Amino acid sequence: MIAVTTFKDKPVALFGLGGSGLATARALVAGGAKVVAWDDNPDSVAKATAEGIATADLRGIDWSVQAAFVLSPGVPLTHPKPHWSVDLARSAGVEIIGDVELFVRERRAHAPDCPFIAITGTNGKSTTTALIAHILTSSGRDTQLGGNIGTAILTLDPPKVERYFVVECSSYQIDLAPTLNPTAGILLNLTPDHLDRHGTMQHYADVKERLVAGSGTAVIGVDDSFCALIADRVERAGVAVKRISKRVVVADGLYAEGSRIIEAHGGATSLLVDLDGIETLKGSHNAQNAAAAIAACLAVGVSKDEIRAGLKSFPGLKHRMQPVGRRGRVVFVNDSKATNADAAAPALSSYDRIYWIAGGLPKEGGIVSLAPLFPRIVKAYLIGEAGPVFAATLGEAVPYEISGTLEKAVAHAAADAGADTTPSAVMLSPACASFDQFKNFEVRGDAFVGHVADLDGVTMLVDLD
């Protein structure tokens, strides 16, 4: 745990006592802050109270004495309208911050020079975060991985010299971190997302820009217009910018030519690494992720040889284009994290012959947008509620069966792929939510891995929990 000492002996109000919120309350208490916490969920309040955390309805506290208001990132700050607790804090002129800001202040107070890489973007940030942490860890560095990727930042070990922090940041967390100042900050890309919480695309982009604007080195993907403009603005403000691209040549940064990552500097270019043969980094989207990871690692002093070794040994992000088993010419790929069509597209575009397991609880738009990728699909195996809807979309373009269950789909897809004389992939990339048959996409992905492991003759590429 990182005890938050920067608010020692000071009154701090906190709202939101879910997983990260409760961790934040514990960290503040451990550092000596006088915390008063609340949540709209009575069960969450009861849990905090049972741990000895002071709780009270924030409508009744004295806001004039609060040194800060700590808000959980899942609680609306601006849109569709501010939460009632935000209105109270603003009316009293109390600073509103989140857990990432508390980390930033602790780092600044106790180990300002410890390397800190922060990653954001609409797509690819979890893979990039995991890849950076893997490169650092595999090179023998003391590495802490957390943030939006699933581990609350204040549950990590405390900042100290030569301890590396790799932190995925959502737009909500950035919005609550006004002094965010990573050694290297990454902005991968921007497409419309979370507009219910940000109001407009421009406001969403403005929030994301703050992460790179405060960075020692800003690593920015320039394949969309919003990010290209952000790179120009940040550079004019005096920040060192490394541009990355999977589509165009950049003058100073890293760009992809197929699977080759090219480094450009001062008009000179050189091949840095070829990702060909690295199953966990297939596809142009992963070329962008890798380029960003490389640029950030270089910025914190990792050697090119250490980076190349880390890329080659990267096991992949669990449930995201994750090769989990192999039998002969067939690779089994777990892409359970693809809960909509846009999320499924990268995996489908990364393999030439696919036995595709899809379905679940359908999202608006279904799989219509994936039609350009249908020629890559040898056959589809449809599961869950989406089965009949997806079948109608596939029509005569793709052979399919309505398998119903994941177990049956794996068995049938494996048998069909095994009879194929051409290398192929049996891929779970559902393009659907999981909630009709599974608790979440993680449980769905684990079930897929289990069914693959039960097949005869499969060499597993992942450990079974």
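Above: the structure in question.
Here the structure is a predicted model, which means the values were calculated and not measured.

### What to know about the sheet that holds strand E3 (residues 68-71)
- With parallel pairing, the 4 strands of this open sheet are ordered in space as E2-E1-E3-E4. Two strands lie at the open edges of the sheet, namely strand E2 (34-38) and strand E4 (96-97), each paired on one side alone.
- One ladder, built from 2 bridges, connects E3 with E4; its direction is parallel. For Val-70, the partnering residue across the bridge sits in E4 and is Ile-97.
- Packed onto the sheet, helix H1 (residues 19-30) meets strand E1 (11-15), E2 and E3 and runs at close to 170° relative to E1.

### A closer look at the state of the cysteines
- Evaluation of the coordinates by the stated rule reveals 0 disulfides.
- For Cys-227, which is in no disulfide, the shortest distance to another cysteine sulfur is to Cys-169 and amounts to 15 Å.
- Exposure remark for Cys-227: the relative accessible area of 0% places this residue in the buried category.

### Some remarks on the packing of helix H8 (residues 201-213) against helix H9 (residues 225-236)
- Across the interface, H8 lies against H9 with an axial gap of 10 Å and an inter-helix angle of 40°. Taken as axis vectors, H8 and H9 run oblique relative to one another. With respect to the hand of their crossing, H8 and H9 are arranged in right-handed fashion. In this structure, H8 uses Met-201, Gln-202, Ala-205, Glu-209, Val-212 and Ala-213 to contact H9, whose residues at the interface are Phe-226, Ile-230, Arg-233 and Val-234.
- Of the residues assigned to the contact of H8 with H9, the class counts are 7 nonpolar, 1 polar and 2 charged.

### Re helix H5 (residues 125-138)
- Here H5 contains 14 residues, and its C-alpha end-to-end distance of 20 Å stays within 8% of the 20 Å for a straight helix at 1.5 Å per residue.
- The element H5 is largely enclosed, with a buried count of 12 among its 14 residues.
- Every buried residue of H5 is listed here: Lys-125, Ser-126, Thr-127, Thr-128, Thr-129, Ala-130, Leu-131, Ile-132, Ala-133, His-134, Ile-135 and Leu-136.
- Contacts from the buried residues of H5 go to strand E5 (116-120), strand E6 (142-147), strand E7 (163-168), strand E8 (184-187), helix H10 (284-299) and helix H11 (304-312).
- Positive backbone phi, approximately 90°, marks Gly-140, located one or two places after H5.

### What to know about the sheet that holds E6
- Ordered by their spatial adjacency, 9 strands build an open sheet running E6-E7-E5-E8-E9-E10-E11-E12-E13, and the pairing between neighbours is mixed. Because the sheet does not close on itself, it has two edges, and the strands there are E6 and strand E13 (268-274). Neighbour-to-neighbour, the strand axes of this sheet turn through a mean angle of 20°, independent of strand direction.
- Pairing between strand E12 (residues 260-265) and E13: 6 bridges, direction antiparallel. Across the sheet, the residue bridging to Ala-264 is Thr-269, located in E13.
- Here H10 sits on the sheet and contacts E5, E8, strand E9 (217-221), strand E10 (240-245), strand E11 (253-257), E12 and E13; the angle it forms with E9, its principal contact strand, is near 170°.

### Things to note about the pattern of salt bridges
- One pass over the structure, following the stated rule, counts 20 salt bridges.
- In this structure, the salt-bridge partner of Arg-26 is Glu-51, at a minimum N-O distance of 2.6 Å. Placement of the pair is Arg-26 in helix H1 and Glu-51 in the loop between helix H2 (42-50) and E3, with a sequence separation of 25 residues.
- A relative accessible area of 39% means that Glu-51 is categorised as partly exposed.
- Among the ionic pairs, Asp-352 bridges to Arg-376, the shortest N-O distance being 3.3 Å. You can see Asp-352 sitting in the loop between helix H12 (341-348) and strand E16 (354-359) and its partner Arg-376 sitting in the loop between strand E17 (361-362) and strand E18 (377-383), a full 24 residues away along the chain.
- Taken together, the salt bridges that share partners define one network made up of Glu-95, Glu-101 and Arg-105.

### What about the packing of H10 against H11?
- For the pair H10 and H11, the least separation of the axes is 10 Å and the interaxial angle reads 145°. With respect to the hand of their crossing, H10 and H11 are arranged in right-handed fashion. Contacts between H10 and H11 involve Ala-290, Ile-294, Cys-297 and Leu-298 from the former and Lys-304, Ile-307 and Leu-311 from the latter.
- A class-by-class count of the residues in the contact of H10 with H11 yields 6 nonpolar, no polar and 1 charged.

Cut-offs used in this document
Residues numbered from 1 in each chain as written. Predicted model: local features only at pLDDT ≥ 70, side-chain atom pairs only at ≥ 80, totals over all residues. Heavy atoms only, no water. Pairing = 2+ DSSP bridges. Helix = DSSP H or I, 4+ residues; strand = E, 2+ residues; numbered from the N terminus. Contact = heavy atoms within 4.5 Å. Axes fitted to C-alpha atoms, helices over the stretch in contact; angles between N-to-C directions. Disulfide = S-S within 2.5 Å. Buried < 20%, exposed > 50% of the residue type's maximum accessible area, 1.4 Å probe, protein only. Parallel < 35°, antiparallel > 145°, perpendicular 65-115°, else oblique. Left-handed = near helix turned anticlockwise from the far one by under 90°. Nonpolar A, V, L, I, M, F, W, Y, C, P; charged D, E, K, R; others polar. Expected span 1.5 Å × (residues − 1). Salt bridge = Lys/Arg side-chain N within 4 Å of Asp/Glu carboxyl O.

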